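Examination of the molecular architecture
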Amino acid sequence: MTDQETARVPLTPTPVTAPDRRRRRRRGGLGGYWLLLPAIAVLLIGEGYPLVRQVIMSFQEFGRAQQFGAPPEWIGLDNYRALFTDSQMWGVVVRSLVFCAVNVALTMVIGTTFALIMLRAPRVPRVVLQVSMLLCWAMPVIAAMTAWQWLFDSRYGLINWTLTNLGLGDFTRHNWLIEPLSFYLVATVIVVWMSVPFVAFTAYAALTQVPEDALEAGQIDGANAWQRWRFIIYPSIRPALTIVLMLQIVWDLRVFAQIHYLQGVGGVPSETHLLGTYIYTLGVGQSEYGMASAFALFVLVLTLVLTARYVHALLKAETV
Amino acid sequence: MKLSTMTRAAVVTTVAATLLAGCGQGSTTDDPTDDATDDAAADEGEADDGEATDGAEETDAPAETGGEEASGETITLWLAGETDTPVELEEWLVTAFNEETGATLEVQRIPWGELLERANQALPDPDNTPDVIEMGNTQVPTYTSVGAFEDLSGLLGELGDIGPEGFIEAGTYEDTVYAVPYYWGSRYIFFDKAAFSDAGLEVPTTLEEFSTAAIALREAGGDGFSGLWLPGQDWRNGISWIFAHGGDIAVKEGDQWVGALSSPESVAGLTQWQELYAGASTAPQDGKDAEAWVPFNNGEAAMFMAPSWARWSVEETRAEDLGAFALPGVDGGVAPVFAGGSNIAISAQSQHKELAADLMRLIFSDEYQTMLAENGLGPANPEFTALMGDDEFAQAAISAAENAKLTPASSEWAAVETASVMEEFFGRIAGGEDVATVAAEVDTQLADMLNG
């Protein structure tokens, strides 16, 4: 079924004909919903209980004493009130949004570029590129972070040594983490480095599905490279890119391990918190579970709002 | 390319799941793997309000069990840090416990960085709680106040003479002792004897002389060399300068905590520390107290300050010239440093309290106290302190410990540590900000946090 459909790719969106629509509806049936059951069950068991618990906790005064059995006090919206009037919290939200936007944009552009390179590159360089990307994708976060930390180390780091020896200035004992902007630069390099392979592979897979004949036809009609990308390739791989974009937004908004690790190594934590680390410090660190739950729910809503457009686009594509 | 209906359905589901999972995880207890901050985070002590503990009433002490009836049962002991208690001590405990009670002792070593989180999860749960748990002495007050530990008043009499007093205070809540000292350590100065003799320096006897020596060593050592390796955010060593000048982090006035960093004494200490950082150290402004021996091993520092066990991390080639002395006080003598060490307690949820009490008796037995001392861990029972040896390292450790002080005994102190308040405070001073201004700011923050 898949082969049949994907092979029948129209060059321009064709108006959907009535028989086509009927055929799809018939195929949908109830059977498909049964197939969703396991996924829904896993979601309910794995996420349902914690989510409900979290919602309840966000309306409670829940600290370490409650963890050891003291009855939690219902305080209504107090946690939310405290949160929304906290200037540090808004700082964290703004920083996270900017960080997310920059990282997602860089990751998408670099990832898609790599995919295009893979498509054109001869076999050997392509395989080398693919293997290297697979390796950085497969590398455990903490192992990767340790290597990056050594690279950026102020005294013994390769990066300071290289920059100094290239004559780009005196980077002896330059501290990359002490200024928040520079801290985020390092974090961005690492996060983008870790995310590019996924985007590149997905985009590459989509690119291999772009019909050769359409490209040829475009070329014969005199479309230049940019036009071929804009009017043939991009529309074809757009669904795949949309999904990846959405995942990247979610991942980069809740980035935790990399920031938490870097904060442990250096920098000024209170000036470099993002959503994940701030909630962690609030909850696990200071045992303010009520406040942390309230903030986490806010982040959930924020994520849904940010990705709503893309979810909507996907669902719309579904019902065309 | 169009995705087929099924593919799209699958994708939408996956994405929905990821969205939910993403947010769910990002919430309260997300902890992928991190542990960058842990090592030093935990081994310190607190409590300085002189509550009398000896007046504690005799309460229902865990009763003694005799031998055979306990056979087949197992109790669990959590030791903090993966190597802090030497293996032979653990083996001795396991064997002796089995001989004594017939029951089995299972020892689990919990890394410092995971200790609080795992204790939070396990201690309230009767099925999973360790029966006996070791905990850093800054961490203990956080748990005594919420009823996590068993009242030890009845057992105290059987444990013999124990101290240091500050550790007992750390384990006391509302006049009841819940956690007793396990071992103590102290921070002192490690130095390169060759560097001192090359520069024609003697071991300093006052804090002022110490600064002069450290600055002279830096100047003698050339670019990038530290007279004293003094990382900017290393507050655990840094507060010694506050204590030495008679200052404090926070003091209790009535029932309120008041920040004391901006007191004239504290400011004098911090100013001296700031000058020392600027003049004697090339350590990063955001450096912490982990692995202070690395620059020393690399020949990039003439001195560093660390707990006694740091000695074993100095490379053999450098060990020859390695010396030690306790940080000198303002007018000579020994400066009060930050006391390190652990407390040990019985979980309130333990299902084997009698056996747990037996284990405590073994830990405070003469044999075990001897072994602690011989392994360089300060024994709770002062009778055994002499067994730590009489070389300069043992002497430095013992004299530093005599004057050691602890962090404020507020049950909220753990929040100050996890929010890195002290790290950032010292980092800003190292960055050259005005001491009095920063101190006043942080005092407000401390009062907020410590009063809950």
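Residue indices follow the written sequence of each chain, beginning from 1 at its first position. All chains are assigned letters beginning at A, and all ligands numbers beginning at 1, according to the order in which they are written. Confidence filtering applies because this is a predicted model: local features only for residues at pLDDT of at least 70, side-chain atom pairs given and counted only at 80 or more, and all residues used for totals across whole chains, interfaces and linings. Hydrogens are left out, water is left out, and the side-chain values use all remaining heavy atoms of the structure.

**Observations concerning the overall build of chain A**
- Starting at the N terminus, helices and strands are each numbered in turn, a helix being any DSSP run of H or I of at least four residues and a strand any DSSP run of E of at least two. Looking only at helices and strands, chain A features 16 helices and two strands.
- Projected onto its principal axes, the C-alpha positions of chain A cover 70 × 65 × 30 Å.
- Each residue is placed in one exposure class: buried if its accessible area under a 1.4 Å probe, protein chains only, is under 20% of its type's maximum, exposed if it is over 50%, and partly exposed if it falls in between. Burial analysis of chain A (320 residues in total) assigns 44% to the buried set.
- Look at the contacts in chain A between residues 6 or more apart in sequence, and 68% of them connect residues 24 or more apart.
- As displayed, chain A offers around 17000 Å² of accessible surface, 68% of which is attributable to carbon and sulfur atoms.
- His is not counted, nor are the chain ends; Lys and Arg add positive charge and Asp and Glu add negative charge. The location of each charge is read from NZ of Lys, CZ of Arg, CG of Asp or CD of Glu. Here chain A contributes 23 positive and 19 negative side-chain charges, whose respective centroids are spaced 10 Å apart. We call two residues in contact when some of their heavy atoms are within 4.5 Å. Method for areas: the Shrake-Rupley scheme with a 1.4 Å probe, in which residue coverage is limited to the protein chains shown.

**Description of the pattern of salt bridges**
All names here are of chain B.
- Any carboxyl oxygen of Asp or Glu that lies within 4 Å of a side-chain nitrogen of Lys or Arg is treated as forming a salt bridge with it. According to the stated counting rule, one finds 15 salt bridges over all chains in the structure shown.
- In this structure, E150 and K353 form a salt bridge, with 3.4 Å as the shortest nitrogen-oxygen distance. In this pair, E150 is assigned in the loop between α4 (140-144) and α5 (153-156) and K353 in helix α13 (residues 353-363), connecting sequence segments 203 residues apart.
- The class of E150 is buried, set by a relative accessible area of 16%.
- Judged by its relative accessible area of 22%, K353 is partly exposed.
- One network of salt bridges, in which partners are shared, links E158, D358 and R361.

**Concerning a nonpolar patch on the surface**
Residue and element names in this part refer to chain A.
- Within the patch definition used here, like charges are joined within 9 Å and nonpolar side chains (Val, Leu, Ile, Met, Phe, Trp, Tyr) within 5 Å, considering only residues with over 30% relative accessible area and no salt bridge. Nonpolar side chains collect at one region of the surface, where V94, V98, V102, L106, V109 and I110 lie side by side and expose about 470 Å² of accessible area between them.
- Position of L106 among the secondary structure elements: in helix α6 (residues 87-120).
- By relative accessible area, L106 is classed as partly exposed at 37%.

**As for the domain arrangement of chain B**
All names here are of chain B.
- Domain assignment breaks chain B into domain 1 (41-185 + 340-402) and domain 2 (187-336 + 409-450).
- An automatic or database domain assignment provides the domain bounds reported here. Measuring from the centre of the C-alpha atoms in domain 1 to the corresponding centre in domain 2 gives 29 Å.
- Each partner contributes to the interface: domain 1 provides 21 residues, whereas domain 2 provides 22 residues.
- In total, about 1800 Å² of surface goes out of reach between domain 1 and domain 2, with carbon and sulfur atoms giving 52% of it.
- On inspection of domain 1 and its partner domain 2, the count reaches two salt bridges.
- A salt bridge links E392 to K193; the nearest nitrogen and oxygen atoms lie 3.0 Å apart.
- What qualifies as a polar contact is a pair of N or O atoms within 3.5 Å, subject to a donor-acceptor requirement within protein and to the restriction that residues adjacent in sequence count only when both atoms come from side chains. Linking domain 1 with domain 2 are three residue pairs in polar contact (both at pLDDT 80 or more), by the criterion used here. The term buried area means the drop in 1.4 Å probe accessible area that two parts suffer when joined, counted for both and summed.

**Examining a positive patch on the surface**
Residue and element names in this part refer to chain A.
- Taken together, the side chains of R230, R238, R309 and K316 present a region of like positive charge at the surface.
- Among the elements of the structure, α12 (225-253) and α16 (289-319) are those that each provide at least two residues to the positive patch.
- The topology assignment puts R230 in helix α12.

**Some details on the packing of helix α10 (residues 264-280) of chain B against helix α17 (residues 421-430) of chain B**
Residue and element names in this part refer to chain B.
- Here α10 crosses α17 at 60 degrees, and the two axes come no closer than 9 Å. Classified by the interaxial angle, the pair formed by α10 and α17 is oblique. α10 and α17 meet at a crossing whose hand is right-handed. Between α10, through L270, W273, Q274 and Y277, and α17, the contact on the second element is made entirely by F425, F426, I429 and A430.
- For this scheme, ten residues count as nonpolar: Ala, Val, Leu, Ile, Met, Phe, Trp, Tyr, Cys and Pro. Four count as charged, namely Asp, Glu, Lys and Arg, and the remainder, Gly too, count as polar. A per-class count over the contact of α10 with α17 returns seven nonpolar, one polar and no charged. With axes taken as lines fitted to C-alpha atoms, and helix axes fitted only over the stretch in contact, angles between N-to-C directions fall between 0 and 180 degrees. Our angle categories are set so that under 35 degrees counts as roughly parallel, over 145 as roughly antiparallel, 65 to 115 as roughly perpendicular, and the remainder as oblique. Handedness of a helix crossing follows the sense of rotation of the near helix relative to the far helix, less than a right angle counterclockwise being left-handed and clockwise being right-handed.

**Let's talk about the pairing of strand β6 (residues 179-192) of chain B**
All names here are of chain B.
- For β6, the tally of buried residues reaches 14 of 14 residues, placing the bulk of the element in the interior.
- Between any two strands, at least two bridges found by DSSP are needed for them to pair. Bridge count for β6 against strand β11 (residues 339-346) is seven bridges, and the pairing is antiparallel. Within β11, the position partnered with S186 by the bridge is A339.
- Here β6 runs beside strand β12 (residues 378-379); their pairing, made up of two bridges, is antiparallel. Paired with W184 across the bridge in β12 is G378.
- The sheet contact formed by β6 and strand β9 (residues 303-307) spans five bridges and is antiparallel.

**Notes on the environment of V180 of chain B**
Residue and element names in this part refer to chain B.
- In this structure, V180 sits in strand β6.
- Residues V180 and G378 lie 198 residues apart in sequence; the distance between their C-alpha atoms is 14 Å.
- When sequence neighbours within four positions are dropped, the list of residues in contact with V180 reads L152, L156, L159, I162, S342, N343, I344, M360 and F364.

**Some details on the side chain of T385 of chain B**
- Within the element layout of this structure, T385 of chain B appears in the loop between β12 and α15 (392-402).
- Contacts of T385 of chain B, omitting those with residues within four sequence positions, involve W184, P379 and I398 of chain B.

**Remarks on a negative patch on the surface**
- A surface patch of negative charge is lined by E61, E73 and E288 of chain A together with E412 of chain B.
- What makes E288 of chain A partly exposed here is its relative accessible area of 34%.

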